[in-house]
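Per-entry structural report
What follows is the residue order along each chain.
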Amino acid sequence: MNLRLRQFGAACVLALALARPAFAQQEEDTPLAKKMKAINTAFKAVGRQVEDPTKNASTLAQIAIIETNAKEAMAFEPEKKGKVPAGEQAKFMDGYKAGMKDFLLSVEKLKGAIKANKNTDAVAIVDAMKGQQREGHKEYRIKKAGAPPGTL
């Protein structure tokens with residue numbers, strides 16, 4: 001009995017060790033996904049601290065990260081483009097770039113509000129940007145496998 005338990009445990013450990021590298025290869029990020037993750041990380045930080053005027057310097061640093069990565073993200077194509085019919089791909093890309101330009105305009109508004117110490121206005125801008133993010137992801141991002149309904 002004890003020997004069987006050890007063998008089973010060893011088999012489980014071996015299976016996990018073999019499965020981990022295969023799983024890691026499947027989740028390799030595209031260049032666009034890397035930019036979007038950087039934007040998301042900085043955007044979450046901004047959302048946590050935007051109300052606090054004492055953290056405006058840090059907020060501006062995070063906004064710079066968002067701005068830089070959003071500008072660079074415009075050069076890439078969303079993975080979902082491949083799932084769009086060939087005749088609609090140009091329209092899809094135009095919509096993606098227009099959405100990113102609108103997002104960058106919101107980033108500029110946010111930066112201006114923070115620089116002017118108008119943190120209440122900045123909170124409203126961040127809320128609007130969250131809506132932009134949701135709509136953009138709904139339109140241009142492939143839904144992750146296994147994600148619950150209503151999430152991306």
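Summarised in this report is the structure supplied together with it.

Calculation criteria
Residues numbered from 1 in each chain as written. Predicted model: local features only at pLDDT ≥ 70, side-chain atom pairs only at ≥ 80, totals over all residues. Heavy atoms only, no water. Salt bridge = Lys/Arg side-chain N within 4 Å of Asp/Glu carboxyl O. Buried < 20%, exposed > 50% of the residue type's maximum accessible area, 1.4 Å probe, protein only. Helix = DSSP H or I, 4+ residues; strand = E, 2+ residues; numbered from the N terminus. Expected span 1.5 Å × (residues − 1). Arc of directions from axis to C-beta. Contact = heavy atoms within 4.5 Å. Phe/Tyr/Trp six-rings, centres within 6.5 Å; stacked < 30°, edge-to-face > 60°. Core = buried A, V, L, I, M, F, W, Y, C linked by side-chain atoms within 4.5 Å.

Counted under the stated rule, the structure contains seven salt bridges. One salt bridge connects K37 with D29, and the closest N-O pair in it is separated by 2.8 Å. Since its relative accessible area comes to 47%, K37 is described here as partly exposed. Residues participating in the shared-partner salt-bridge network are E67, K71, E108 and K111.

Moving on to helix α2 (residues 31-49). It helps to recall that an α-helix has 3.6 residues per turn; residues three or four apart then point in one direction. For α2, built from 19 residues, the straight-helix expectation of 27 Å at 1.5 Å per residue is met to within 8% by its first-to-last C-alpha distance of 28 Å. By the burial criterion, the buried members of α2 are L32, I39, A42, F43, A45, V46 and Q49. When α2 is viewed along its axis, its buried side chains cluster within an angular range of 160 degrees and face the same direction. Pointing more than 90 degrees away from the buried face of α2 are the exposed residues K34, T41 and R48. Next to the buried residues of α2 lie α3 (56-73), α4 (89-115) and α5 (119-140).

Right, let's talk about the packing of aromatic side chains for a bit. Centre distance and the angle of the planes are the two values used to describe a pair of aromatic rings. Under the criterion given, the structure shown has two aromatic pairs. In this structure an aromatic cluster arises from ring pairing among F92, Y96 and Y140.

Here we take up the nonpolar core. In terms of nonpolar packing, the biggest core is built from 27 residues, with V46, V50, I66, Y96, F103, L110 and M129 touching the most fellow members. Within the residue set of this core, elements represented by two or more residues are α2, α3, α4 and α5. Here the element with the most residues in this core is α4; it accounts for 10 residues. Sequence-distant contacts of I66, defined by excluding residues within four places in its chain, comprise I39, A42, F43, V46, F103 and V107.

Limitation: the analysis is restricted to geometry and does not speak to function.
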